[in-house]
Each structure stands twice: as C-alpha cells, then as structure tokens.
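One letter stands for each residue in the lines below.
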Amino acid sequence: MSLQCGIVGLPNVGKSTLFNCLSNAKAQSANFPFCTIEPNVGVITVPDERLNELAKLVNPARIVPTTVEIVDIAGLVKGASRGEGLGNKFLGNIRETDAIIHVLRCFDDDNVTHVDGSVDPVRDKEVIDLELQLRDLETIESRISRVQKQAQTGGDREAKAQYEVLKRYKDALEQGRSARTVELLNKDEEKIAHELFLLTNKPVLYVCNVDDKSAVSGNAYVDAVREAVKDENAQILVVAAQTESEIAELEDYEERQMFLQEIGLEESGVNRIIKSAYALLNLETFLTAGPKEVRAWTYRRGSKAPQCAGVIHSDFERGFIRAEIIKYDDYIHYGSEAAVKEAGKLHIEGKEYVMQDGDIVVFRFNV
C-alpha cells in the first residue's frame, strides 16, 4: 500500500532538516530558497513497540515493521498558484500526495533568513493556504462551468448533486476557508469530493518547528498557531528539528533515550510525526506472529477481515474462510498463542468482522 505524506512549507522553515531526520536520506539543506527542487522521497519505518514485545515471546527469525512514504517538497512562495517561483511544479507534487505535513517556523534565529523578513508562523500558514485555495478555486470554477447548465436546466440528478457540492466548496474558498472545513452530508457527496482531488481537502498535520528550549512546552508562536487552526480538522505537533537531527546522528538506542530524557521528552519528535502521519492517512496495523517473523501489516481503518487478508495475498481474500483473532493485550498477558487458546480468548470472526488496530491474526482460506 503505497501512500504518501508531503512535507510543505515556506523556504527555510526546516522542511529538509526534518525530512533528513525522518528518512536519513540527506536531502540538501541550505540557507536559501529553492534548495530542494526535486521532491525527495523517503520510505519511513513506522515505530511500533508492540512488535518488539511480541518478538520477546515468539523469538522470530525476523521483525518486519510497516512503512509510509514521506515526500520533501520544495518551499512554496507567494504567487505559486500563478506559477511564481517553481509554483506549478510544487503544486503538482502536492496534488500527488495523500496527506500534508505543513512545517511552520516557530523559532527566532538571526542566522537563518526568513523569506518574508520576520518570524510569523500564522502569516506563513496563511500564505500557503491562500496559494492552495486559489488553485482549488480554479479547479472548482472550471468544474462549475461544465455542469451548471445541466444542473439548472436539465433533469440530470448527478449534475445537480455535483453542482451543489461544487457551490459549497466555492463559497468556502472565496471566504478564505480550506475545502476540508466543508461538511459533507452523505457518501454520494464524499465520492464527488474525492474525485475533485482538491489540495485543501487533504488531511493536514501542522508541525511547529521550535528551538530546543521550547521542544517540551512550546512557545508563544506555537500558541498562536493553535489559536489559528482551532476550527480546522487538523493536528498539531511541536518538534525541534535541529535537536532531532542531533538525536538522529546517535547510533546507540540508549544514547538516544538518554538525550531525550535530558531535554524532558519521552519519545522523539520524529517518532511522533511518523505515527501521526500514519494515522493521518487513515491507516491502522494488524499483526502476524510466528517463528518465521513478527510482522506489521497496513490496512485502511474500517476494512473488513477479507480485505485485510488480501493485504497479505490476493488468494487469502479470494478464498477467505475465517479470521482467528487474538487481541494484542491478551497475547502479552497470557504469553503464547497456546495459552490464549486455553484461556478461551481466541476469537473466530467471519467476513463482516471489522479489523481493529493491533489484532494478531491467522487467516484461514481455500482456493
């Protein structure tokens, strides 16, 4: 399942530093705009402590975590929607992603220039929002011109439904609101919206890039961002990208943990971003555990057992019979599959079972 989160932001806010921390891909990072011209793609391992805990009990030959792709997209500037800078290319890169990680500069540093001359993360956010909204407005107006006549004068119910959705998006965008703030009424409207591929309809994670002193509690810049996005359907994380880069250079796990403890963090910002990006993509994980491997498998939240079986192999879905489910907490509590079965905690589920994050499963099938 190849799904991507795109890292966006104005130039010099810490996007490439953050990307390097996430992927160790060492995208070029420098103190001037357009340093990163081609989008860099990193395949990121999703941290999951459950795999290590299961491995202690199962002692497998290998552990296989799941992954997500992160794309570092060059910095947007004012006028990108009209092609300013490298705008058309950047907007095209964003359109290809499934979710957005929007990095905002929330630190002062005279040695790092700001494209607009001063630090103001809310202004920076609004600059990018406006460019994405303007491009979406172009898309909406183009679609409206195609369906408006059919919707208003003909008996085409589908055109009428499209027109109503398009008009609500147009109203929101003209008011300076992103498409994701528009509430859809039913699955038909969701389908129409999905087919528009609007930039501002993608789920967003705002990453406030702070100095190391603000890594735990944030600062006034972060508070301003929280206030600005309170009505959006979006998440916020506070991360000190430069500090994270120093942590990433430590090869020893215990050294990393000691570093984190010294600055008052329980978990690295990188791990928190990856987990949040995974959730942002509406993804969850089921597990398989045996002597060959303990493995995490990615599926869309809300998927039923046969579809999840198909993640492993199409034959599993085609010939699905049942799923034998052990809850992760039960496996850890009883210590083995045999002990779980003896305690009566193994559940037999059929085709309508909706998979739950952390389910440990054996699929039975016949083809």
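Peer 1: Honestly, the sheet that holds strand 5 (residues 99–105) in this entry has me stumped. Any pointers?
Peer 2: Whether parallel or antiparallel, the strands of a sheet pair through hydrogen bonds between backbone atoms. If you trace the six strands from one edge of the open sheet to the other, you get 2-4-1-5-6-7, paired in mixed fashion. Every other strand in the sheet has two partners, leaving strand 2 (40–45) and strand 7 (234–239) as the edge strands with one partner each. Pairwise comparison of adjacent strand axes, ignoring direction, gives a mean angle of 25° for this sheet. Of the strand pairs in this sheet, strand 5 and strand 6 (residues 204–209) are connected by six bridges, and their pairing is parallel. The residue of strand 6 that forms the bridge with histidine 102 is tyrosine 206. Sheet contacts for helix 1 (residues 15–23): strand 1 (4–8), strand 2, strand 4 (67–72), strand 5, strand 6 and strand 7; angle to strand 2, the most-contacted strand, approximately 40°.

Peer 1: Any chance you could explain helix 1 here in plain terms?
Peer 2: For an α-helix, 3.6 residues make a turn, and residues three or four places apart therefore share a direction. Counting buried positions along helix 1 yields nine of nine residues, so the element is predominantly enclosed. Those residues of helix 1 not exposed but buried are Lys15, Ser16, Thr17, Leu18, Phe19, Asn20, Cys21, Leu22 and Ser23.

Peer 1: Where do I start with the packing of aromatic side chains in this structure?
Peer 2: Any pair of aromatic rings gets described here by the distance separating the centres and the angle formed by the planes. For the coordinates displayed, the defined rule picks out five aromatic pairs. For the pair phenylalanine 286 and tryptophan 297, a centre-to-centre distance of 6.3 Å together with 15° between the ring planes defines the contact as stacked. With phenylalanine 286 in strand 8 (residues 283–289) and tryptophan 297 in strand 9 (residues 293–300), this pair connects stretches of sequence that are eleven residues apart. Residue classification places phenylalanine 286 among the buried residues on the basis of a relative accessible area of 0%.

Peer 1: Sorry if this is basic, but what is going on with a negative patch on the surface here?
Peer 2: Together, Glu251, Asp252, Glu254 and Glu255 make up a region of like negative charge exposed at the surface. Inspection of the secondary structure puts glutamate 254 in helix 9 (residues 253–262). Given a relative accessible area of 60%, glutamate 254 falls into the exposed group.

Peer 1: Is there a simple way to think about the pairing of strand 9 in this case?
Peer 2: Side chains on a regular strand alternate between the two faces of the sheet. Of all the eight residues making up strand 9, six are buried; the element is thus mostly covered by neighbouring parts of the structure. Pairing of strand 3 (residues 62–64) with strand 9, which is carried by three bridges, proceeds in the parallel orientation. Opposite isoleucine 63, over in strand 9, you have valine 294 as the bridge partner. The sheet contact formed by strand 8 and strand 9 spans seven bridges and is antiparallel. Bridge pairing in strand 9 places leucine 287 opposite alanine 296. Counting the residues in the hairpin turn of strand 8 and strand 9 gives three residues.

Peer 1: Would you explain the confidence of the model for the protein chain in this entry?
Peer 2: Any residue range with low pLDDT should be treated as having predicted coordinates unsuitable for detailed reading. Taken residue by residue, the protein chain gives an average pLDDT of 85. The fraction at 70 or more is 90%. In the predicted structure, residues 25–37 sits below a pLDDT of 50 and forms 34 contacts with residues beyond four places in sequence or in another chain.

Peer 1: Teacher, can you tell me more about the nonpolar core here?
Peer 2: Most often, soluble globular proteins keep nonpolar side chains buried together rather than apart. By size, the foremost hydrophobic cluster in this structure holds 55 residues, and its most contacted members are Leu18, Leu22, Ile70, Ile94, Ile101 and Ile273. Among the elements that take part in this core, helix 10 (residues 269–280) stands out by supplying six residues, more than any other. If we skip the residues at most four places from it in the chain, isoleucine 101 touches Cys5, Gly6, Ile7, Val8, Ile70, Leu205, Val207, Ile273 and Ala277. Core analysis: the next-biggest nonpolar cluster, separate from the first, contains 18 residues, Ala151, Ala159, Leu166 and Ile192 among them.

Peer 1: What is the right way to look at helix 2 (residues 49–58) in this model?
Peer 2: For helix 2, the set of buried residues is Arg50, Leu51, Leu54, Ala55 and Val58. Each buried residue of helix 2 sits inside an arc of 135° when the element is viewed along its axis, so together they form one side. After helix 2 finishes, the residue asparagine 59 shows a positive phi value of roughly 55°.

Peer 1: Which parts of the structure should I look at to understand the pattern of salt bridges?
Peer 2: Oppositely charged side chains may form a pair once their charged atoms are brought near each other. In the structure shown here, the tally under the stated rule is 24 salt bridges. For glutamate 49, the salt bridge goes to lysine 275, with nearest N and O atoms at 3.1 Å. Here glutamate 49 is found in helix 2, whereas its partner lysine 275 is found in helix 10, with 226 residues between them in sequence. Classification of glutamate 49 by relative accessible area gives partly exposed; the value is 44%. Taking the relative accessible area as the measure of exposure, lysine 275 reaches 27% and is therefore partly exposed. Among the ionic pairs, arginine 168 bridges to glutamate 189, the shortest N-O distance being 3.0 Å. On the criterion of sequence distance, the pair formed by arginine 168 in helix 5 (residues 157–174) and glutamate 189 in helix 6 (residues 187–196) is long-range, its members being 21 residues apart. Accessibility expressed as a relative area gives 25% for arginine 168, which makes it partly exposed. One network of salt bridges, with partners in common, ties together Lys125, Asp129, Arg180 and Glu232.

Peer 1: I keep staring at the environment of alanine 179 and nothing clicks. Help me out?
Peer 2: Along the chain, the position of alanine 179 falls in the loop between helix 5 and helix 6. For alanine 179, a relative accessible area of 0% gives the class buried. Counting along the chain gives eleven residues from alanine 179 to arginine 168, while the straight-line C-alpha distance between them is 9.1 Å. With near-sequence residues (within four places) excluded, alanine 179 lies in contact with Tyr169, Leu173, Leu198, Thr200 and Asn201.

Calculation notes
- Residues numbered from 1 in each chain as written.
- Predicted model: local features only at pLDDT ≥ 70, side-chain atom pairs only at ≥ 80, totals over all residues.
- Heavy atoms only, no water.
- Pairing = 2+ DSSP bridges.
- Helix = DSSP H or I, 4+ residues; strand = E, 2+ residues; numbered from the N terminus.
- Axes fitted to C-alpha atoms, helices over the stretch in contact; angles between N-to-C directions.
- Contact = heavy atoms within 4.5 Å.
- Buried < 20%, exposed > 50% of the residue type's maximum accessible area, 1.4 Å probe, protein only.
- Phe/Tyr/Trp six-rings, centres within 6.5 Å; stacked < 30°, edge-to-face > 60°.
- Patch = residues over 30% accessible without salt bridge, like charges linked within 9 Å, V, L, I, M, F, W, Y side chains within 5 Å.
- Areas by Shrake-Rupley, 256 points an atom, 1.4 Å probe, with all protein chains shown as cover.
- Salt bridge = Lys/Arg side-chain N within 4 Å of Asp/Glu carboxyl O.
- Lys, Arg positive; Asp, Glu negative; His and termini not counted.
- Charge placed at Lys NZ, Arg CZ, Asp CG, Glu CD.
- pLDDT = per-residue confidence, 0-100.
- Core = buried A, V, L, I, M, F, W, Y, C linked by side-chain atoms within 4.5 Å.
- Arc of directions from axis to C-beta.

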